[in-house]
Amino acid sequence: MNLIYILLAIAVILIFWIISIYNFFVSTKTRIGASIQEIGNQLKRQSELIPNLEASAKGYLKHEKGIFDELTSARRAISSAVESGDVKKMADAGKMLSEVLPKIQVVVESNPEIKASEVVTNLMEELRDTSDKVMYARRLLIDLTADYNVKIVTFPSNIVAGIFHFEKQKGLETPESGDELKVTEEETKTPKVNL
Amino acid sequence: MKNIYEVRTANKIKSAVIVFLFTVFVFVATYVLVNALAYNLGYEAGGFGYVGIALIASGISSFVSYYFSDQIILGIAGARPADRRRDFDFYTVAENIAIGQGIPKPKLYVIDDPSPNAFATGRDPAHAAVCATTGLLEKLNRTELEGVIAHEMSHVKNFDTRLMSVVAVMVGLVALLSDWFTRSLYWGRSRDDNENNSSSIFLILGLVFAILSPIVGTLIQLVISRRREYVADAGSVEITRQPQGLISALEKISQDPSPLKNANKATAHLYISNPYKKVKTGGSWLVNLFNTHPPISDRIKALKAMV
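These numbers come from a predicted model, not from an experiment. Residue positions are counted from 1 within each chain, in the order its sequence is given. Following the order in which they are written, the chains are lettered starting with A and the ligands numbered starting with 1. Reporting of local features is limited, given that this is a predicted model, to residues whose pLDDT is at least 70; pairs of side-chain atoms are given and counted only at 80 or more, and all residues count toward the totals for whole chains, interfaces and linings. Hydrogens and water are ignored here; the side-chain numbers use all heavy atoms of the structure.

Asker: Summarise the overall build of chain A; cite the residues concerned and give the values.
Answerer: Helix and strand content of chain A: 7 helices and 0 strands. Helix numbering and strand numbering both begin at the N terminus, where a helix is a DSSP run of H or I of at least 4 residues and a strand a DSSP run of E of at least 2. Scanning chain A from its N terminus toward the C terminus, one meets helices and strands in the order α-α-α-α-α-α-α. The buried share of chain A, taken over its 195 residues, is 32%. Long-range pairs, those at least 24 residues apart, make up 74% of the contacts in chain A between residues at least 6 apart in sequence. The classification of residues rests on relative accessible area computed with a 1.4 Å probe and restricted to protein chains. Under 20% of the type maximum is buried, over 50% is exposed, and intermediate values are partly exposed. We call two residues in contact when some of their heavy atoms are within 4.5 Å.

Here it is in structure tokens:
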């Protein structure tokens, strides 16, 4: 009689444990989806700031037509990536934009006339902040995916994952090969800073 | 060199051990004091007993500060809600860290005070508030500010307000029981008639505990508080991945001579650095023992190990 109660108690605890692990997987999966959307949102916000920057800085940046072309194509890439909802494309489009930003920064810094323009400096700050937001949104996606994937492979939660067929999440795919992974000799040197 | 995951695990274990020791201490102290009290007064209190009464008394005050902590800030002189345009860096940095942590953006307040400091409060991430002084916002750059805000938001994410409230209730409980026992010695009835040895042991033990346990309780409370600072520092690095930001922020904060005008003792343990005392270097261990925060030099050392 006592044994039955003990077994019953163990069964109840086990069921609650399985429910909690199951809920972890389901809710984290939802949060991963939400974090991908968040990346899209922030990228979109960033691309919407660009026309404003163009409008207010055009007068000063007449001679920097190349920058504007790059900005426009980055903006196009972002909107099509956000529409497609593909994380990889979003990451690429975000990268395009983050490559143009330092170029504008250089122009702004070297030109006291633009630097004095409050509108332009505000827009630059906003753009920089949005880059941070994209970065943090990506960080959230990476962290959530890592938590999820660790639980899928570690014991004993992997049993629950097996029963309900939860599969590894891709998260932010990083290229297995390519320029990002190569470190040139130049890059390993400590940068010299002249003060 | 330690990676942040190792630091996080080590911190978790240390925190758990301290909290466990604290719980054991509270149990033993309560047990001894209640028995001594019952012996001295000659009867056991019915119903809730002495523990229940003390728990309620100590709980009410802490509960108020716990439940309304985010609203209490508004009572601090000169606190105003942060404005996106006016406090652009503060506002956006907090917004970004909330995105990165997947928690709602806390309410943000600015206190008009030249001393650079910041604190967080609120019973859970949904009711959290982060408060920064104008001194902090003026003196730190964006990266340093990110480190400080991330430290505060780790306090929020780790439910430190909740933990410290529970600890405060327990310390209050022990202190109250000790106080009652000491008082009962004056008006407790004489026990000469039916003295027995096992009970008088409780009387002696009760005396020892009545004198020592409020101090011991407070000391353990401070150990927990200091441990949570290290946890929040590591949490900040985990969020920003830039220990250098927090290191240089702490250096700037510790070098600033002005003390905080409107420090609140109830929230002292949630500030980025102790709002009352500025402990720059290690100091004597006795001084450190009574501090809510570890010395900044020790915190910087721990952070540098993560670079």
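Asker: Please provide a residue-by-residue account of the interface of chain A and chain B, values included.
Answerer: Opposite the 16 residues of chain A that make contact, chain B presents 17 residues. Put simply, buried area is the surface a 1.4 Å probe can reach on two separate parts but cannot reach once they are joined, added for both. In this assembly, chain A packs against chain B so that about 1400 Å² is buried in total across both faces, 42% of it on carbon and sulfur atoms. Summed over the three residues of chain A that lose the most area to chain B, namely Lys133(A), Tyr136(A) and Arg139(A), the buried surface amounts to 39% of that side. Salt-bridge detection follows one rule: a side-chain nitrogen of Lys or Arg within 4 Å of a carboxyl oxygen of Asp or Glu. Linking chain A with chain B are 7 salt bridges. Between Asp129(A) and Arg142(B) there is a salt bridge, with the nearest N and O atoms lying 3.0 Å from each other. Between N or O atoms, a polar contact is any pair within 3.5 Å; within protein, one atom must be a potential hydrogen donor and the other a potential acceptor, and residues adjacent in sequence are included only when both atoms are from side chains. Between chain A and chain B we count 8 residue pairs in polar contact (both at pLDDT 80 or more) in total. Of all elements in the fold, only helix 1 (2–57) and helix 5 (118–153) of chain A reach the threshold of two or more residues within the side of chain A that touches chain B. Looking at the side of chain A that touches chain B element by element, the count peaks at 12 residues for helix 5 of chain A. For this scheme, ten residues count as nonpolar: Ala, Val, Leu, Ile, Met, Phe, Trp, Tyr, Cys and Pro. Four count as charged, namely Asp, Glu, Lys and Arg, and the remainder, Gly too, count as polar. Here the side of chain A that touches chain B is composed, by residue class, of 3 nonpolar, 2 polar and 11 charged.

Asker: Quick one: what's the story with the nonpolar core, residue by residue and with numbers?
Answerer: Residues Leu71(A), Ile104(A), Phe90(B), Val148(B) and Ile149(B) are the most contacted members of the largest nonpolar core, which totals 80 residues. Residue contributions to this core peak at 12 residues, all from helix 5 of chain A. In this structure, Leu71(A) is in contact with Ile50(A), Leu53(A), Glu54(A), Leu97(A), Val100(A) and Ile104(A), ignoring residues within four places of it in sequence. Phe22(B), Val34(B), Leu37(B) and Ile224(B) belong to the second-largest nonpolar core, a separate cluster that totals 23 residues. In plain words, nonpolar cores are sets of buried Ala, Val, Leu, Ile, Met, Phe, Trp, Tyr and Cys residues tied together by side-chain atoms within 4.5 Å.

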